[in-house]
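# Structure assessment
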Amino acid sequence: MPRTARDVVFVDGVRTPFGKAGPKGLYAETRADDLVVRAIRELLRRNPSLPPERVDEVAIAATTQTGDQGLTIGRSAAVLAGLPKSVPGYAIDRMCAGAMTAVTTTGAGIAFGAYDVAIAGGVEHMGRHPMGEGVDPNPRFLADKLVDPSALVMGATAENLHDRFPQITKERADAYAVRSQQKVAAAYAAGKIQPDLVPTAIRSAEKGWGLATEDEPPRPGTTLEDLAGLKTPFRVGGKVTAGNAAGLNDGATACLLAAEEVAAELGLTARMRLVDYAFAGVEPEVMGVGPVPATERLLARNSLTMDDIGLIEINEAFAVQVLAFLEHFKIADDDPRVNPWGGAIALGHPLASSGVRLMNQLSRLFAERPDVRYGITTMCVGMGMGGTVLWENLAWEGAK
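For clarity, every value in this text was computed on a predicted model and none was experimentally measured. (Residues numbered from 1 in each chain as written. Predicted model: local features only at pLDDT ≥ 70, side-chain atom pairs only at ≥ 80, totals over all residues. Heavy atoms only, no water.)

### With respect to the pattern of salt bridges
Tallied over the full model, the rule gives 26 salt bridges. One salt bridge in this structure joins Asp 7 and Arg 273, with 3.7 Å as the shortest N-O distance. You can see Asp 7 sitting in the segment before strand 1 (8-15) and its partner Arg 273 sitting in strand 9 (residues 272-281), a full 266 residues away along the chain. Residue classification places Arg 273 among the buried positions, given a relative accessible area of 17%. (Salt bridge = Lys/Arg side-chain N within 4 Å of Asp/Glu carboxyl O. Helix = DSSP H or I, 4+ residues; strand = E, 2+ residues; numbered from the N terminus. Buried < 20%, exposed > 50% of the residue type's maximum accessible area, 1.4 Å probe, protein only.)

Next up, the structure:
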């Protein structure tokens, strides 16, 4: 019997504060699975009208699926979070777009009617599991010249983008990075970031038990002068530094998705509607341009232009990657639609978890901007990909 696609809504999203990876970071002594379990439990606590047995699927992403972020982490996290054993789960990997793909995959299942309610998110503990841990790239990648050696080093791909777009200078990238730090500091001061954060238990040998309540990576007060003298680790005399790129981070995210009519039935307040999504491949050597074809494909399919997009949440893996996207769509570097509360250069980028952070911030911005109908969340992905999700603001005043 033919099925009619159902509208899918984003109900709620949370995340742990993001920490710096390494022996002195917030989560140095905290397990990766415990981070995502904390996020799932908080989702359930914040939405008491949702019977846990009504959750039909738990999809959790991790880029490095080993150790405490392995063991089919969607299923293991569901069990650890106290969901009924009848609730299934699975792990997913699309590198940086892992949580984004968890959302689009479960969202498609809801639209199709396979699920009514799903939890999607991601986790990355880069302190315990550095990027590329245990990876064994097939020698044919290089032997057959399928990719340039730089394709396997994300920072080198960012330097390649600077080569491709010489008008994006180091000074311009640094200026963008300073604005990201400033916007995050302003958002924190205004209480915009804190509602998404789940206080998370931490411990260390030196200090004992504690509680993480805010992001560790931001560097408020960063200036252009501070960034000017930083080392360029990926190329002698290069343009990519620790100051104009996201750091190595630990953290987890989770969100609640539902069919629109099911959300209403259960008394859940929906924040935004999933309209469409697109993923696209590009040359791995310049993976940072991935959001461009993904966004073009999405806009064309929905008969929209960038002028119709009132808010843009783009992951700041590297400043040059964001600037290449803005350059392509003829958007000013300081356009107020772009990351109004700052991005990953300041907040951090725990790889597979970041897609849901973008969605959390967009949903809260939508609530403050009833004049905006459409927004996108978009990001570049390792090995030459990009992903973009189109969302509709349920608070849009034009719908009334």
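Still to come is the rest of the account.
### Digging into the UniProt feature "domain: Thiolase N-terminal" (unreviewed entry) in the protein
Within the UniProt annotation, "domain: Thiolase N-terminal" (unreviewed entry) is assigned to residues 8-261. Within residues 8-261, the helical portion is 31% and the strand portion 19%, while the C-alpha atoms at the span's ends are 9 Å from each other. (UniProt positions renumbered as here; feature names shortened; annotations may be inferred.)

### A closer look at the UniProt feature "active site" (unreviewed entry) in the protein
The feature "active site" (unreviewed entry), as given by UniProt, occupies Cys 96, His 349 and Cys 380 in the numbering adopted here. A compact arrangement is adopted by the annotated residues: their sequence extent is 285 residues, whereas the largest C-alpha distance between any two is 12.0 Å. Mapped onto the secondary structure, Cys 96 falls in the loop between strand 4 (89-92) and helix 3 (98-112). The class for Cys 96 is buried, based on a relative accessible area of 11%. Those residues within four positions of Cys 96 in sequence are excluded, and the remaining contacts are Thr 63, His 349, Leu 351, Ala 352, Met 379, Cys 380 and Val 381. (Contact = heavy atoms within 4.5 Å.)

### Observations regarding the packing of aromatic side chains
In total, this model carries three aromatic pairs according to the counting rule given. Ring geometry for Phe 10 against Trp 391: centres 5.9 Å apart, planes inclined by 85°, an arrangement best described as edge-to-face. Of the two residues, Phe 10 is situated in strand 1 and Trp 391 in strand 12 (residues 385-393); the sequence distance between them amounts to 381 residues. Taken as a pair, Phe 10 and Trp 391 share a single burial class, namely buried. Taken together, a centroid distance of 6.1 Å and an interplanar angle of 65° make the contact between Tyr 277 and Phe 279 edge-to-face. Judged by its relative accessible area of 28%, Tyr 277 is partly exposed. Take Phe 279: its relative accessible area is 16%, and that puts it in the buried class. If you follow Arg 15 out to its NZ or CZ, it ends over the ring of Phe 18, 4.4 Å from the centre. If you follow Arg 94 out to its NZ or CZ, it ends over the ring of Phe 279, 3.7 Å from the centre. (Phe/Tyr/Trp six-rings, centres within 6.5 Å; stacked < 30°, edge-to-face > 60°. Lys NZ or Arg CZ within 6 Å of the ring centre and 35° of its normal.)

### A closer look at helix 5 (residues 154-164)
Burial within helix 5 is extensive, with nine of its eleven residues counted as buried. Taken residue by residue, helix 5 has Met 154, Gly 155, Ala 156, Thr 157, Ala 158, Glu 159, Asn 160, Leu 161 and His 162 as its buried positions.

### Things to note about the side chain of Asn 315
Looking at where Asn 315 falls in the secondary structure, it is placed in the loop between strand 10 (309-314) and helix 10 (319-328). Setting aside chain neighbours within four positions, we find Asn 315 in contact with Gln 321, Val 322, Ala 344, His 349, Ser 354, Arg 357, Leu 358, Thr 378 and Met 379.

### Quick look at the packing of helix 1 (residues 32-46) against helix 2 (residues 73-80)
Closest axis-to-axis distance for the helix 1/helix 2 pair is 9 Å, and the angle between their directions is 60°. As summarised for this structure, helix 1 and helix 2 are arranged oblique, according to the angle between their axes. Crossing angle aside, the handedness with which helix 1 passes helix 2 is right-handed. In contact with Asp 33, Val 36, Val 37, Ile 40 and Arg 41 of helix 1, helix 2 contributes Ile 73, Ala 77 and Leu 80. (Axes fitted to C-alpha atoms, helices over the stretch in contact; angles between N-to-C directions. Parallel < 35°, antiparallel > 145°, perpendicular 65-115°, else oblique. Left-handed = near helix turned anticlockwise from the far one by under 90°.)

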